[in-house]
Every structure is written in C-alpha cells, then in structure tokens.
Amino acid sequence: MAHITLAQQGLAAVEARRWDEAVAKLSQALQSSYNPAWLVARSKAFVSLKRFAEALDDADVAWHSAYERNKRPFLIEAHYRRAVAYYRMGQYANADCCCIYAMRLVKGSPALEQDDPKAKWTDENGFWTATMKDAVDEAKADEFNRGREAGRVSHAILMDGPRPQIAEWRLASTLRMHILRAMETLPADDEARKVTVSLKPEHKELVNTAPAAGAETEETTTATATATQANDDPPAATKASPVPTDAQLRLQEFQSGTTMVVSVFSKGVDKEKLQVEFLPFAVHLDPVIWPNGEEKKFSLLLWGEIDPSASKYSVTPNKVELKLAKKTAGKWPQLQKAEDEDAAKEDALQSSIVGDKGKGKEVDSTSTPSAEPKAPFSPSKASTSTSASSYPSSSRSGPKDWDKIATDEDEDEDERDINLFFKRLYRNANPAQQRAMTKSFMESNGTSLSTDWESVKARMVETVPPEGVEAKKWE
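Scoring rules and cut-offs
- Residues numbered from 1 in each chain as written.
- Predicted model: local features only at pLDDT ≥ 70, side-chain atom pairs only at ≥ 80, totals over all residues.
- Heavy atoms only, no water.
- Helix = DSSP H or I, 4+ residues; strand = E, 2+ residues; numbered from the N terminus.
- Polar contact = N/O pair within 3.5 Å; in protein donor to acceptor, adjacent residues only side chain to side chain.
- Contact = heavy atoms within 4.5 Å.
- Salt bridge = Lys/Arg side-chain N within 4 Å of Asp/Glu carboxyl O.
- Buried < 20%, exposed > 50% of the residue type's maximum accessible area, 1.4 Å probe, protein only.
- pLDDT = per-residue confidence, 0-100.
- Pairing = 2+ DSSP bridges.
- Axes fitted to C-alpha atoms, helices over the stretch in contact; angles between N-to-C directions.
- Expected span 1.5 Å × (residues − 1).

J.: Go over the side chain of Asp452 with me, naming the residues and quoting the values.
T.: Along the chain, Asp452 turns up in the loop between helix 15 (431–443) and helix 16 (453–456). Here Glu454 takes part through its backbone nitrogen, which lies 3.2 Å from a polar atom of the side chain of Asp452. Apart from the residues lying within four places of it in its own chain, the contact partners of Asp452 are Ala167 and Ala436.

In structure tokens form, the structure reads like this:
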C-alpha cells in the first residue's frame with residue numbers, strides 16, 4: 001500500500017479517535033517521509049495512548065521537518081504538541097515555554113529569534129517566573145486576541161495571504177492557564193519549575209519498524225533514538241527493517257511564482273563526482289546514493305517547463321538541492337509529470353544528445369551546466385504545439401497564452417478557476433474540515449471560510465464583508 005494512502009488512513013483514524021490504528025498507519029507512512037502533518041497527528045495519538053515521551057519526540061521532529069519545508073502553520077502546531085507532551089509529563093515550565101513559542105509564531109515572530117524568548121521569564125537559577133495572572137492578563141489585553149478578524153478566513157486571505165490563526169493562539173493561551181494553575185501548587189524549588197527547552201528542539205531521528213507479517217491491524221512498534229521502553233523486556237525488533245531494494249529517494253519541494261526548489265535527500269553524495277543535467281522538462285542527477293545504498297542515476301520528469309541556463313543546484317552532506325527556474329511564471333499543481341512510455345523515450349533521446357558532451361566534465365556544486373540541448377525537448381506531443389508563453393493547463397479551453405491574458409481572459413474563465421480551486425480544497429479536506437468549511441461559508445453568507453471545526457462548531461460565524469462594503473439583510 002502506498003505511503004500516501006497509509007497516511008490518509010492514519011489521519012482519518014486520528015479524527016475518529018482510533019489511536020492504535022492511527023499510530024500503526026502513520027508509523028508506516030513515516031518510513032517514507034517525515035511529513036510534519038503526519039508527525040503532529042501521531043504525536044496527538046501518542047498522548048492519548050499515554051506514551052508521552054514518544055509524543056514529544058514526534059513533536060520535536062515535526063518542528064525540524066516544518067522548518068526545512070518553510071511551513072509556519074506546522075511550526076506552530078509542533079510547538080503546541082511539545083507543550084502538551086511536557087504538560088502531561090509534569091514538566092510545567094517547559095510546557096508553558098513551548099506555549100509561548102507557539103503564540104509568538106502565530107503573531108509573526110521568526111521561527112528562530114535572535115534571543116530566545118524564554119530569557120524574559122527565567123530567573124538566574126533557571127526557574128520559570130511566569131504566573132497564572134500573567135497569562136490571564138495577556139488573554140484579556142492582547143490586541144491580537146481582540147481583533148475582529150479572530151477565527152475567520154476571508155476568500156482573499158485564503159487565496160493570497162497568511163491565514164489568521166487566532167484559534168491556535170487562543171488554544172495555546174488556554175493551555176497556559178492550565179499549566180500555570182498546576183504550577184502554583186508546587187514548591188518554589190520544584191524541578192518542574194525549571195526550564196530546559198529551547199526555541200529550536202533537539203534534532204532527533206525517528207526509527208520506525210515495519211509491522212510483522214499478518215499483523216497489519218496491530219499497532220506498529222515505534223521507537224526513537226532517545227526513547228526508553230515502558231516494559232522491562234525489549235521488543236522483539238528494536239532495529240529498523242532492511243531497506244527494500246525498490247525504496248525511493250525522499251523529496252521535498254516548495255515553490256514561488258518563478259522558482260521550484262526541490263530537496264533530494266541522499267546522504268553522502270560526492271559533489272565532485274555528481275553530474276547534474278538540466279533539461280526543459282527534466283533533471284538528471286548522476287550518481288546519487290539511494291536508500292538501499294546503491295549509487296546510481298536519478299531523474300525527475302517535471303510537470304512544467306524550466307529554464308536550464310538559469311537553474312542551479314547545491315550539495316550538502318544529506319541532500320542535493322535543486323533551484324529550478326520556471327520558464328513561465330505561475331504555480332505548478334505538482335512537481336512531477338506522470339511518466340509514460342513516449343515521455344520516457346523522448347527524455348532518453350534528449351539525454352543522449354547532450355549527455356555525451358557532458359561526460360567526464362567536472363562540475364562545481366554551485367554552478368549551472370553550460371551545455372544546452374541541440375534540440376527542443378518535449379515530454380508529450382501536446383507540449384510541442386504550445387508557444388513559449390503557454391503554460392500546461394487542464395482547462396477545457398486548453399493552454400493559455402499568458403502574454404495575452406489581460407485581453408483574452410473573460411470573467412467566466414476567472415469564475416471557473418475560482419470554483420475549481422474551492423472544489424479541490426473541499427475534496428482534499430478531511431471530514432471535520434469539510435464540516436467547518438460548509439458551516440462557516442453558509443453562516444457568513446460566503447464571506448468567510450474556515451477549516452477549523454473546533455473553532456466554528458460552537459458559534460455563529462459572522463458575515464465579514466470586504467473593506468468598504470456594507471453587509472445588508474435581504475427582506
């Protein structure tokens with residue numbers, strides 16, 4: 001079963017509070033990718049199973065994964081899950097500190113601040129000085145908590161800007177009050193009052209063991225490099241299973257309108273030996289080290305066209321990072337194009353045209369290949385018929401010429417694109433998110449859209465018209 005399918009089943013199990021199943025499914029999915037959403041979800045499941053040390057490990061790893069992917073919402077969730085784990089472990093100062101980290105991120109602070117915020121609430125002996133009164137006063141007086149945009153997501157924000165995460169801020173603020181109330185009962189010199197956490201969590205590697213044959217429905221054993229076993233006798237399997245020969249390289253990508261940045265995780269790549277070949281619709285790396293230890297070529301068939309001369313790469317001990325310059329500005333719906341026989345043949349042909357010229361040439365890890373293809377490369381017949389300014393599209397009207405977009409695109413086309421966006425958003429949401437979207441959209445008369453069911457289920461979502469527009473009731 002594909003790891004994406006396993007992850008979806010695991011996330012659904014978390015929503016249904018089937019904790020053992022959630023841990024089993026997500027543990028298998030995490031063998032293929034340290035997706036921060038999956039790690040956060042498994043951390044929640046571990047807490048419900050009272051496996052607090054493992055919950056903390058997952059939250060710490062989720063922070064690093066989110067930081068690598070530049071995913072601020074998951075950085076916030078990771079800090080919050082750290083706070084919950086520390087709270088359940090009785091480490092109240094650490095828990096409150098992680099709440100503050102999460103709340104500061106919500107308000108726009110950088111992920112790694114120059115000075116750790118914990119210094120403000122830590123005395124010379126390392127004891128936490130924040131009090132219940134401090135948390136209550138902050139909740140009452142903070143302008144962020146009192147803003148009229150609290151808990152709502154307008155269409156414009158959803159499309160173009162960051163989501164106001166007031167619900168996350170309030171959740172962390174409420175947890176702070178529980179933590180500090182519990183801390184008030186402790187002696188002044190209790191170890192639970194000491195702060196040992198930092199803004200950047202300890203970097204840990206998760207070790208996931210595959211389920212035994214015939215035990216797909218049982219909980220998958222999961223361990224971390226620093227975790228201790230709850231039982232005196234160690235489990236039968238404490239080491240990771242051998243890596244399958246067909247295991248794929250792990251990829252991470254993020255994009256802007258003009259670039260697609262791809263991290264190819266491969267440890268120990270020799271940057272002096274590595275040859276990277278940029279083609280209009282493909283990238284070849286030769287050689288890289290695969291998960292099973294084999295050193296061989298890796299190829300990416302790209303969804304969109306890139307400018308080979310403007311694309312670059314760099315090599316670190318753990319990965320090769322590709323910075324691909326998009327030929328035409330715009331958002332790609334995915335990184336890779338589905339590989340078919342014709343595309344593979346054309347790709348191989350193009351590689352042979354330019355490959356012989358580049359063989360044996362020593363390439364600097366930060367340079368761009370100078371070899372240009374002698375013939376245009378196209379992964380399919382459809383792409384060869386489009387102009388340089390066309391962009392791949394699934395629209396019924398075919399690819400658009402973006403040079404003429406200002407004059408050719410009509411309002412109907414805009415409306416279809418927006419509707420398609422919301423249909424995809426709803427289709428890819430989980431059941432709780434779908435309920436939240438439906439409730440918030442209907443109650444706000446189409447002016448707000450929320451995916452946070454906990455935030456909207458117990459309240460009426462108000463109508464929030466765009467600035468300068470007045471909402472009126474129709475008789």
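J.: Which residues make up the pattern of salt bridges, and what values go with them?
T.: Scanning the entire structure with this criterion turns up 13 salt bridges. Note that Glu113 is salt-bridged to Arg104, the shortest N-O span being 2.8 Å. Residue classification places Arg104 among the partly exposed residues on the basis of a relative accessible area of 30%. Residues participating in the shared-partner salt-bridge network are Asp96, Glu138 and Arg176.

J.: Talk me through the confidence of the model for the chain; I want residue IDs and the actual numbers.
T.: Chain-level statistics for the chain give a pLDDT mean of 74 and a share of 67% at 70 or above. When the criterion is pLDDT under 50, residues 339–391 qualifies, and its contacts beyond four places in sequence or with other chains add up to 83 contacts.

J.: Go over the sheet that holds strand 7 (residues 295–301), please, and point to the residues and values.
T.: Spatially, 3 strands are ordered 5-6-7 in an open sheet, and the strand pairing comes out antiparallel. The open sheet is flanked by strand 5 (275–279) and strand 7, the only strands paired with a single partner. Neighbouring strand axes in the sheet, compared pairwise and without regard to direction, differ in orientation by 15° on average. Across 5 bridges, the pairing between strand 5 and strand 6 (residues 282–289) is antiparallel. Looking at the pairing, Glu277 lines up with His284 of strand 6.

J.: Run through the environment of Arg459, naming residues and quoting values.
T.: Relative to the assigned elements, Arg459 resides in the segment after helix 16. Arg459 gets classed as partly exposed once you look at its relative accessible area, which sits at 26%. Counting along the chain gives 19 residues from Arg459 to Ser440, while the straight-line C-alpha distance between them is 9.6 Å. Within the structure, Arg459 has its side chain in polar contact with the backbone oxygen of Ser455 (distance 2.8 Å).

J.: Describe unusual backbone geometry, listing the residues and the values that go with them.
T.: Here the residue pair Asp286 and Pro287 is connected by a cis peptide bond, since its omega of -5° sits within 30 degrees of zero. A positive phi is found at Arg17, a non-glycine position, where the angle reads about 65°. Note on placement: Arg17 falls in the loop between helix 1 (3–15) and helix 2 (19–29). You can call Arg17 exposed: its relative accessible area is 60%.

J.: Please provide a residue-by-residue account of helix 3 (residues 36–48), values included.
T.: Each α-helix winds once per 3.6 residues, and so residues spaced three or four apart point in a common direction. Across its 13 residues, helix 3 extends 19 Å between first and last C-alpha, which sits within 8% of the 18 Å expected from 1.5 Å per residue. Among the residues making up helix 3, those that are buried are Pro36, Trp38, Leu39, Val40, Ala41, Arg42, Ser43, Ala45, Phe46 and Val47. Put simply, Asn35 is the residue that caps the front of helix 3, since its side-chain oxygen is 2.8 Å from the backbone nitrogen of Ala37. Following helix 3 by one or two positions, Lys50 has its phi on the positive side, about 65°.

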